[in-house]
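# Observations on chain architecture
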Amino acid sequence: MCYGVQWDAALNFIDSYYESGTATGYIKDSTNMGNYSESIATAGRDTAYQQKHIYDMAGNVWEWTMENHHADGRVIRGGSYYNIGSAIPASVRRYDSPDGSYDHFGFRITLFL
């Protein structure tokens, strides 16, 4: 799983305005940048949802990160298929307890070179 800082670095790579906090899509409204269709989709199925060969940063499933929220919580990022991209853009940080199982939670593996 990736760390929160890696999630932010990927969004900054995709959107050069991300780090400055300028209100662009991944910060303000990622509706047209991911799957918010109220049903889960195969990851990478739609090339419209990829930027710079990074797929599905917005919508589809919340993604666990290695970032702790507090003693019993982990940070999740990206929103999910049942959210709305204008309310829950890809930059949002939420948290949940990692001991549950949900169809709208997943994770992104990190490649170390």
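So, a few notes on the structure that sits alongside this text. (Residues numbered from 1 in each chain as written. Predicted model: local features only at pLDDT ≥ 70, side-chain atom pairs only at ≥ 80, totals over all residues. Heavy atoms only, no water.)

### Points about the overall build of the chain
Tallying secondary structure elements over the chain gives 2 helices and 8 strands in all. By sequence separation, contacts in the chain at least 24 residues apart represent 55% of the contacts at least 6 residues apart. Accessible area of the chain: about 6,600 Å², with a carbon and sulfur share of 54%. Across the chain, 8 positive and 13 negative side-chain charges occur, with their mean positions spaced 5 Å apart. (Helix = DSSP H or I, 4+ residues; strand = E, 2+ residues; numbered from the N terminus. Contact = heavy atoms within 4.5 Å. Areas by Shrake-Rupley, 256 points an atom, 1.4 Å probe, with all protein chains shown as cover. Lys, Arg positive; Asp, Glu negative; His and termini not counted. Charge placed at Lys NZ, Arg CZ, Asp CG, Glu CD.)

### Comments concerning the nonpolar core
In this structure, Cys 2, Trp 7, Ala 10, Leu 11, Ile 14, Tyr 18, Tyr 26, Tyr 36, Met 57, Ala 58 and Ala 90 together form the largest nonpolar core, which totals 11 residues. Excluding anything up to four places from it in sequence, Tyr 36 contacts Ser 30, Thr 31, Ala 58, Gly 59, Gly 78, Ser 80, Tyr 81, Asn 83, Ile 84, Gly 85, Ile 88 and Ala 90. Counting residues in each nonpolar core, the second largest holds 6 residues, with Trp 62, Ile 88, Val 92 and Phe 105 among its members. (Core = buried A, V, L, I, M, F, W, Y, C linked by side-chain atoms within 4.5 Å. Buried < 20%, exposed > 50% of the residue type's maximum accessible area, 1.4 Å probe, protein only.)

### Comments concerning helix H1 (residues 4-14)
Considered for burial, the residues of H1 that qualify are Gly 4, Trp 7, Asp 8, Ala 10, Leu 11 and Ile 14. Along the long axis of H1, the arc covered by the buried residues comes to 160°, so they all point the same way. (Arc of directions from axis to C-beta.)

### Some thoughts on the side chain of Arg 77
Inspection of the secondary structure assignment puts Arg 77 in strand S6 (residues 73-77). Of note is the side chain of Arg 77, whose polar atom sits 2.8 Å from the side chain of Asp 8. (Polar contact = N/O pair within 3.5 Å; in protein donor to acceptor, adjacent residues only side chain to side chain.)

### Describing the environment of Asp 96
Tracing the chain through its elements places Asp 96 in strand S7 (residues 93-96). For Asp 96, a relative accessible area of 24% gives the class partly exposed. For the pair Asp 96 and Arg 45, spaced 51 residues apart in the sequence, the C-alpha separation amounts to 27 Å. Residues in contact with Asp 96, not counting those within four places in the same chain, are Trp 64, Asp 72, Gly 73, Arg 74, Ile 76, Tyr 102 and Phe 105.

### So, unusual backbone geometry
A positive phi angle is found at His 53, which is not glycine, with a value near 65°. Looking at the secondary structure, you find His 53 in the loop between strand S2 (50-51) and strand S3 (54-55). According to the relative accessible area criterion, His 53 is exposed, its value standing at 68%. Not every positive phi belongs to a glycine, and Asn 60 is a case in point at roughly 65°. Tracing the sequence through the fold places Asn 60 in the loop between strand S4 (58-59) and strand S5 (62-70). The buried category is assigned to Asn 60, whose relative accessible area is 7%.

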